[in-house]
Amino acid sequence: ILNVEQSPQSLHVQEGDSTNFTCSFPSSNFYALHWYRWETAKSPEALFVMTLNGDEKKKGRISATLNTKEGYSYLYIKGSQPEDSATYLCAFPSSGGFKTIFGAGTRLFVKA
Amino acid sequence: NAGVMQNPRHLVRRRGQEARLRCSPMKGHSHVYWYRQLPEEGLKFMVYLQKENIIDESGMPKERFSAEFPKEGPSILRIQQVVRGDSAAYFCASWTGTDTGELFFGEGSRLTVL
């Protein structure tokens, strides 16, 4: 049974704080690792698609790293803003992408 | 350039009725996933379909639930004889099937069973 774990479950930070959270996934048969951002009342949107061990991707103040050998990825947000408040999901496509399993998400609250 | 379209956005059914949820994938996408989001939980995989084929339905309850993706028209998730525990948001996502697997989501259909 594939298991994608995310921690923490939720996080409350002040505006301007930097923060990070973790996604762990099975290290065997790795295909890709996705990060999605899910705002309330909207649909999840892809942030990053990561495929190579050691990958580091960046989009503005948000970046992510990938370690496929040990089965984890970190998402970092530098200088959090209230508009960063959302649920951040990681997803693990197995079997060549044919079955994408999501973690339960980390819910981020950024207080102004 | 329409994204993934789901309808209805909200559906209310009484126990024992049938619910049909529709999903039109993005143009050019022939692969569709259905996920269920229960209150305070994440996205739970239900089924993965390619045009006219069910590829993986391991997350679908064995009874009352079915899914199809016909050659023409939207993918349909059908729930027969709904019970209160079926109340949830159901999300559809599509992808091309040929790239690294990034999914594009619809806005979800929220089913409420009275």
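Here, the structure is the one placed above.
Notes on the structure in this doc start here. (Residues numbered from 1 in each chain as written. Chains lettered and ligands numbered in written order. Predicted model: local features only at pLDDT ≥ 70, side-chain atom pairs only at ≥ 80, totals over all residues. Heavy atoms only, no water.)

Time to look at the overall build of chain A. When its secondary structure is counted, chain A shows 0 helices and 11 strands. Along chain A, helices (α) and strands (β) appear in the sequence β-β-β-β-β-β-β-β-β-β-β when read from the amino end. In terms of C-alpha radius of gyration, chain A reaches 13 Å, essentially the compact-globule figure of 13 Å for 112 residues. Projected onto the principal axes, the alpha-carbon positions of chain A cover approximately 40 × 30 × 20 Å. Within chain A, buried positions represent 48% of all 112 residues. Restricting to contacts in chain A with at least 6 residues of sequence separation, those with at least 24 account for 54%. A distance of 3 Å separates the average location of the 11 positive side-chain charges in chain A from that of its 10 negative side-chain charges. (Helix = DSSP H or I, 4+ residues; strand = E, 2+ residues; numbered from the N terminus. Rg over C-alpha atoms; globule rule 2.2 N^0.38 Å. Buried < 20%, exposed > 50% of the residue type's maximum accessible area, 1.4 Å probe, protein only. Contact = heavy atoms within 4.5 Å. Lys, Arg positive; Asp, Glu negative; His and termini not counted. Charge placed at Lys NZ, Arg CZ, Asp CG, Glu CD.)

Now for the sheet that holds strand S7 (residues 62-67) of chain A. Residues and elements named next belong to chain A. Spatially, the 5 strands line up as an open sheet ordered S1-S3-S8-S7-S6, and their pairing is antiparallel. Every other strand in the sheet has two partners, leaving strand S1 (5-7) and strand S6 (56-59) as the edge strands with one partner each. Here the average twist between neighbouring strands, direction ignored, is 15°. (Pairing = 2+ DSSP bridges. Axes fitted to C-alpha atoms, helices over the stretch in contact; angles between N-to-C directions.)

For the rest of this paragraph, the subject is the sheet that holds strand S7 (residues 65-68) of chain B. All names here are of chain B. Taken in spatial order, the 4 strands line up as S1-S3-S8-S7 in an open sheet, and their pairing is antiparallel. Every interior strand has two partners, whereas the edge strands, strand S1 (5-7) and S7, have only one. Across the sheet, the axes of successive neighbouring strands diverge by a mean angle of 15°, strand direction being ignored. Of the pairings in the sheet, the one linking strand S3 (residues 19-24) to strand S8 (residues 75-79) comprises 5 bridges and is antiparallel in character. From the neighbouring strand, Arg22 faces S8, where its bridge partner is Ile76.

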